[in-house]
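Each chain, written out:
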Amino acid sequence: DAKTTQPPSMDCAEGRAANLPCNHSTISGNEYVYWYRQIHSQGPQYIIHGLKNNETNEMASLIITEDRKSSTLILPHATLRDTAVYYCIVRPMNTGNQFYFGTGTSLTVIP
Amino acid sequence: DVKVTQSSRYLVKRTGEKVFLECVQDMDHENMFWYRQDPGLGLRLIYFSYDVKMKEKGDIPEGYSVSREKKERFSLILESASTNQTSMYLCASSPESIGVREQYFGPGTRLTVT
């Protein structure tokens, strides 16, 4: 599986957009980019995933660069409840359902 | 909504005890997973199962076993608990054996072995 690199921590002001980067320079053509988050003392929660096109849902937007070597998760209007660890995961399409979580980015939303 | 429940949120056991961690999902998912989470190491896969009575080793199966007698239930067993198994244990489930599907996680069980 392609490895991912994320900054260990970030701060964001409440109400502003939070932009969380992820580098996955060794990604291969059949690998998707997934984002999960984990709020303290809870299990991880799925946010969004994509292959090469940008994606948006009710929680966030995912921007994948044209060469697919990096991506950015955007929380458009961060709230205090978005304080969590965010995991970027790159996963092949057809290798069962294993997800390899790294150590993620700890996002703190500041009032 | 998918619901994944774990039998305990907090558990304290003594070294050498046999420990059972139970996980139940209510969405008829084929796949179920057990992870442990430790500071600085992220989530690591212990075992997973893609069908009843089927199991596959993950990255760190040593010291653990699993049981899947019914589709909705996946148990993690520590045959003889040791202090290095103190950790947060997370169960997850997902539909389908292949394809692009997200996993749904339970709330976790924080196990302390003294």
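The structure we're discussing is the one just above.
Summarised in this report is the structure supplied together with it. Residue indices follow the written sequence of each chain, beginning from 1 at its first position. Whichever chain is written first becomes A and whichever ligand is written first becomes 1, with later ones labelled in order. The predicted nature of this model means local features are confined to residues of pLDDT at least 70 and side-chain atom pairs, given and counted, to a pLDDT of 80 or more, with totals for whole chains, interfaces and linings taken over all residues. Only hydrogens and water are set aside when side-chain values are computed; all heavy atoms of the structure are taken into account.

Quick look at the sheet that holds strand 1 (residues 9–13) of chain A
Residue and element names in this part refer to chain A. Condition: In this scheme, strands are said to pair when DSSP sees at least two bridges between them. A run of H or I in DSSP becomes a helix once it reaches four residues, and a run of E becomes a strand once it reaches two; helices and strands are each numbered from the N terminus. Think of each axis as a best-fit line through the C-alpha atoms, taken over the contacting stretch in the case of a helix, with angles from 0 to 180 degrees between the N-to-C directions.
Read across the sheet, five strands follow the order 1-9-8-3-4 without closing on themselves; strand pairing throughout is mixed. Each having just a single partner strand, strand 1 and strand 4 (45–50) make up the two edges of the open sheet. Sheet twist, expressed as the mean angle between neighbouring strand axes with direction ignored, is 25 degrees. By the bridge criterion, three bridges tie strand 8 (residues 84–92) to strand 9 (residues 105–110) in an arrangement that is antiparallel.

A word on the pattern of salt bridges
Note on pairing: side chains with opposite charge can pair once their charged atoms come close. All names here are of chain B. Which entries qualify depends on this criterion: Salt bridges are defined as contacts in which a side-chain nitrogen from Lys or Arg sits within 4 Å of a carboxyl oxygen from Asp or Glu.
The final tally for this structure, using the stated rule, is eight salt bridges over all chains. When the shortest N-O distance is used, the salt bridge between Asp 38 and Arg 36 registers 2.9 Å. The salt bridge partner of Lys 53 is Glu 69, with a shortest N-O separation of 2.5 Å. Of this pair, Lys 53 sits in the loop between strand 5 (42–49) and strand 6 (56–57) while Glu 69 sits in strand 7 (residues 65–70), and the two are 16 residues apart along the sequence.

As for the state of the cysteines
Cut-off, in case you're wondering: Disulfides are defined in this document as cysteine sulfur pairs within 2.5 Å. The cut-offs for exposure are 20% and 50% of the maximum accessible area for each residue type, with area from a 1.4 Å probe on protein chains only; residues under the lower value are buried, those over the upper are exposed, and the others partly exposed.
In the structure shown here, the tally under the stated rule is two disulfides over all chains. Note that A:Cys22 is cross-linked by a disulfide to A:Cys88, the S-S spacing being 2.1 Å. Since a negative S-S torsion denotes a left-handed disulfide, the A:Cys22-A:Cys88 link at about -80 degrees is left-handed. Placement of the pair is A:Cys22 in strand 2 (residues 18–23) and A:Cys88 in strand 8, with a sequence separation of 66 residues. Classification of A:Cys88 by relative accessible area gives buried; the value is 1%. Shown here is the disulfide that connects B:Cys23 with B:Cys91, its sulfur atoms set 1.8 Å apart. Between B:Cys23 and B:Cys91 the sulfur-sulfur dihedral comes to about -75 degrees; the bridge is accordingly left-handed. One end of the pair, B:Cys23, is in strand 3 (residues 19–25); the other, B:Cys91, is in strand 9 (residues 87–94), with 68 residues separating them in the sequence. Accessibility expressed as a relative area gives 0% for B:Cys23, which makes it buried. Of the cysteine sulfurs around A:Cys12, a residue in no disulfide, the closest is that of A:Cys22, at 18 Å.

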